[in-house]
Amino acid sequence: MPAVNLISTDAALRQACQTLAASPFLAVDTEFVREYNYYPQLCLVQVASAELVVCIDPMCGLDLAPLRELLYAPHSIKVMHAAHQDLEA
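In this report, we go over the structure that sits alongside the text. Remember, it's a predicted structure, so these values are computed and weren't measured experimentally. (Residues numbered from 1 in each chain as written. Predicted model: local features only at pLDDT ≥ 70, side-chain atom pairs only at ≥ 80, totals over all residues. Heavy atoms only, no water.)

### Quick notes on the layout of surface pockets
Rolled over the atoms, a probe sized like a water molecule indicates the empty space that remains.
1) Next: In this structure, the largest pocket encloses a volume near 510 Å³.
2) Next: Every residue lining the largest pocket is counted, 16 residues in all, and those nearest its centre are Thr30, Leu71, Tyr72, Met80 and Asp86.
3) Next: At the level of elements, strand E2 (25-33), strand E3 (41-48), helix H2 (65-72), strand E5 (77-80) and helix H3 (83-88) are the ones that each hand at least two residues to the lining of the largest pocket.
4) Next: Per element, the largest residue contribution to the lining of the largest pocket is four residues, and it comes from H2.
5) Next: Of the residues belonging to the lining of the largest pocket, the class tally is twelve nonpolar, one polar and three charged. (1 Å grid on protein atoms, 1.4 Å probe; cavity = no way out; pocket = protein on both sides within 12 Å on 5 of 7 lines; lining within 4 Å. Points joined across faces, edges and corners; volume = space filled by probe spheres on them. Helix = DSSP H or I, 4+ residues; strand = E, 2+ residues; numbered from the N terminus. Nonpolar A, V, L, I, M, F, W, Y, C, P; charged D, E, K, R; others polar.)

### Details of the pairing of strand E4 (residues 53-56)
1) Next: Covered by surrounding structure in E4 are Val53 and Cys55 together with Val54 and Ile56, the residues of both alternating faces.
2) Next: Relative to E4, strand E1 (residues 4-7) runs parallel, the two being bridged by four bridges. In the sheet register, leucine 6 faces E4, and the bridge partner there is cysteine 55.
3) Next: As paired elements, E3 and E4 share four bridges and run antiparallel to each other. Note that in E4 the partner of alanine 48 across the bridge is valine 53.
4) Next: The loop that links E3 with its antiparallel partner E4 comprises four residues. (Buried < 20%, exposed > 50% of the residue type's maximum accessible area, 1.4 Å probe, protein only. Pairing = 2+ DSSP bridges.)

### Focus on the sheet that holds E1
1) Next: The strand order across the open sheet built from five strands is E1-E4-E3-E2-E5, with neighbouring strands paired in mixed fashion. If you trace the sheet from one side to the other, it starts and ends with E1 and E5, each paired once. On average, adjacent strands in this sheet sit at an angle of 25° to one another, irrespective of strand direction.
2) Next: Sheet topology places E2 next to E5; four bridges connect them, and they run parallel. In the sheet register, phenylalanine 25 faces E5, and the bridge partner there is isoleucine 77.
3) Next: With respect to the sheet, H2 is in contact with E2, E3, E4 and E5, its orientation differing from that of E3 by roughly 55°. (Axes fitted to C-alpha atoms, helices over the stretch in contact; angles between N-to-C directions. Contact = heavy atoms within 4.5 Å.)

Function-wise, these values are silent; they only describe arrangement.
What follows is the structure, given as structure tokens:
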């Protein structure tokens, strides 16, 4: 089983997304803070392939463009846990 990598810098996010982009499938899960605000605030994104597992901390002020590109890429299948809440936000 791959080690879990915490992503808290733009450079680490770009590298992780580049590595994950080679996978034919990705497992994706997100966590939100829903207290004390009107809209859910994204606080954690978990993405895994067979080779790499990452926990991305968007609360560090990351540029999430590489992640957005990865998630919208049509060449890989995305498997999401409880996707209704993820897609809502």
